Amino acid sequence: MSKKECFQYGGQAVIEGVMMRGPQEMAIAVRLPDGTIEVEKQQLSSWLTKWPWLKWPGFRGVVALLEALVVGTRALAWSASKAMPEEEGELTTKELVLTIAFALGLGILLFVIIPTGAVKLVEKWVTTPLGQNIAEGGLRIAIFLAYIGLISRMKDIQRVFQYHGAEHKVIHTYEAGLELTVENARGFSPLHPRCGTSFLLVVMVVSIFVFAFLGHPPNLLWRIGSRILLMPLVAAISYEFIKLSGRYGDRWWLKWLVAPGLGLQRLTTREPDDSQLEVAIHALKAVLRGEEHAG
């Protein structure tokens, strides 16, 4: 089997569209205000290609996560400039860095500092490291669910969730070996085991067991710092699980492990309409055409 046949295509929803990634380039398809579809293709320069040792398990998950954050932010900015012309143009490099830094900072605040600090207040009642980390992980998941529930009330976010479902349906169609048509994609599930939503849930669960090995950190500052320092390890383990579930998710011994992530995706996906499926198909076809020409 060739490298391209082994590649697991995927992407993300953007503003009024979908971004799809291949091994060498990405394509963003957006429905413009006049109803037409515009496609933007960009070459990808991955650290994994420049430094092959980064493909080793333990490294590739962290690199893939960082690259997905950069590429995803750039795709969102481009889609916003096309779908909402009244907005400012694409982000400059400085603005991109600041946006990513803000997103990382907000994530650390919501999912590290607040849960860790809250559990520190009740440690005299919950004395074991595992018990404390289960409580901390439960609070982290609760914050995540509350955040998703809050933003899902926004009309624009609901449309993004529909495009998220369209992305999954089209990937399912491709992986089933069917022609990329709206009719074929319509019958597939809007849930997919390699989804980023599932990845976030896996991160939260894995962190419970990884952080438990730290025992009782001497103070709150060390407790927070240790969690930040160990996040690359947590991300690496979680990435390998997602890769495994994406490749062997139909096996009985993985189905029950994948089920919670698929259930969580019901909060971040919506059933797309045919016009949204059409946009996702344009994005994936553009990537596949580019890979054929490159090959």
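Rules used in this analysis
Residues numbered from 1 in each chain as written. Predicted model: local features only at pLDDT ≥ 70, side-chain atom pairs only at ≥ 80, totals over all residues. Heavy atoms only, no water. Core = buried A, V, L, I, M, F, W, Y, C linked by side-chain atoms within 4.5 Å. Buried < 20%, exposed > 50% of the residue type's maximum accessible area, 1.4 Å probe, protein only. Helix = DSSP H or I, 4+ residues; strand = E, 2+ residues; numbered from the N terminus. Pairing = 2+ DSSP bridges. Axes fitted to C-alpha atoms, helices over the stretch in contact; angles between N-to-C directions. Contact = heavy atoms within 4.5 Å. Parallel < 35°, antiparallel > 145°, perpendicular 65-115°, else oblique. Left-handed = near helix turned anticlockwise from the far one by under 90°. Nonpolar A, V, L, I, M, F, W, Y, C, P; charged D, E, K, R; others polar. Polar contact = N/O pair within 3.5 Å; in protein donor to acceptor, adjacent residues only side chain to side chain. Expected span 1.5 Å × (residues − 1). Bend = angle between axes of the 7 residues up to and from the residue. Phe/Tyr/Trp six-rings, centres within 6.5 Å; stacked < 30°, edge-to-face > 60°.

Colleague: Tell me about the nonpolar core, residues and numbers included.
Modeller: Tyr9, Val18, Met20, Val170, Leu180, Leu277 and Leu284 are the most contacted members of the largest nonpolar core, which totals 23 residues. Counting residues per element, the ones that place at least two in this core are β2 (17–21), β3 (25–31), α6 (155–175), α7 (182–186) and α11 (274–294).

Colleague: Could you give an account of the sheet that holds strand β4 (residues 37–43), naming the residues involved and the relevant values?
Modeller: In spatial order, the strands read β1-β2-β3-β4; together these four strands make up an open sheet with antiparallel pairing. The open sheet has two edge strands with one neighbour each: β1 (10–14) and β4. Within this sheet the neighbouring strands show an average axis-to-axis angle of 15°, counted without direction. Across five bridges, β2 lies against β3 in antiparallel orientation. The residue bridging arginine 21 from the neighbouring strand is methionine 26, located in β3. Strands in contact with helix α3 (residues 60–83) are β1, β2, β3 and β4; relative to β3, the strand with the most contacts, it is inclined by about 30°. Against the sheet, α6 touches β1, β2 and β3, its axis set at about 160° to β1.

Colleague: Tell me about the packing of helix α8 (residues 196–212) against helix α9 (residues 220–248), and name the residues and values.
Modeller: Running from N to C, α8 and α9 cross one another at 125°; their axes reach a closest spacing of 8 Å. Taken together, the axis directions place α8 and α9 in an arrangement best described as oblique. As α8 packs across α9, the resulting crossing turns out to be right-handed. On the side of α8, the interface is formed by Ser198, Phe199, Val202, Val203, Val206, Ser207, Val210 and Phe211, while α9 contributes Arg227, Leu230, Met231, Leu233, Val234, Ala235, Ile237, Ser238, Tyr239, Phe241 and Ile242. Residue composition of the contact of α8 with α9, grouped by class: 15 nonpolar, three polar and one charged.

Colleague: Any chance you could break down the side chain of arginine 140 for me, citing the residues and the numbers?
Modeller: Positionally, arginine 140 belongs in helix α5 (residues 129–151). By relative accessible area, which is 6% here, arginine 140 ends up buried. Polar side-chain contacts of arginine 140 include one of 2.4 Å to the backbone oxygen of phenylalanine 111. Residues in contact with arginine 140, not counting those within four places in the same chain, are Phe111, Pro115, Thr116, Met204, Ser207 and Phe211.

Colleague: Please provide a residue-by-residue account of helix α4 (residues 93–120), values included.
Modeller: Given a rise of 1.5 Å per residue, 28 residues ought to cover 40 Å, and the 39 Å separating the end C-alpha atoms of α4 matches this to within 8%. At leucine 109, α4 shows its maximal kink, close to 35°. Where α4 is buried, its residues meet α3, α5 and α9.

Colleague: Please provide a residue-by-residue account of the packing of aromatic side chains, values included.
Modeller: In total, this model carries two aromatic pairs according to the counting rule given. A ring pair is formed by tyrosine 9 and tyrosine 174, whose centres lie 5.3 Å apart and whose planes are at 80°; its orientation type is edge-to-face. In this pair, tyrosine 9 sits in the loop between α1 (3–6) and β1 while tyrosine 174 sits in helix α6, placing the two residues 165 residues apart along the sequence. When its relative accessible area of 30% is taken as the criterion, tyrosine 174 is described as partly exposed.

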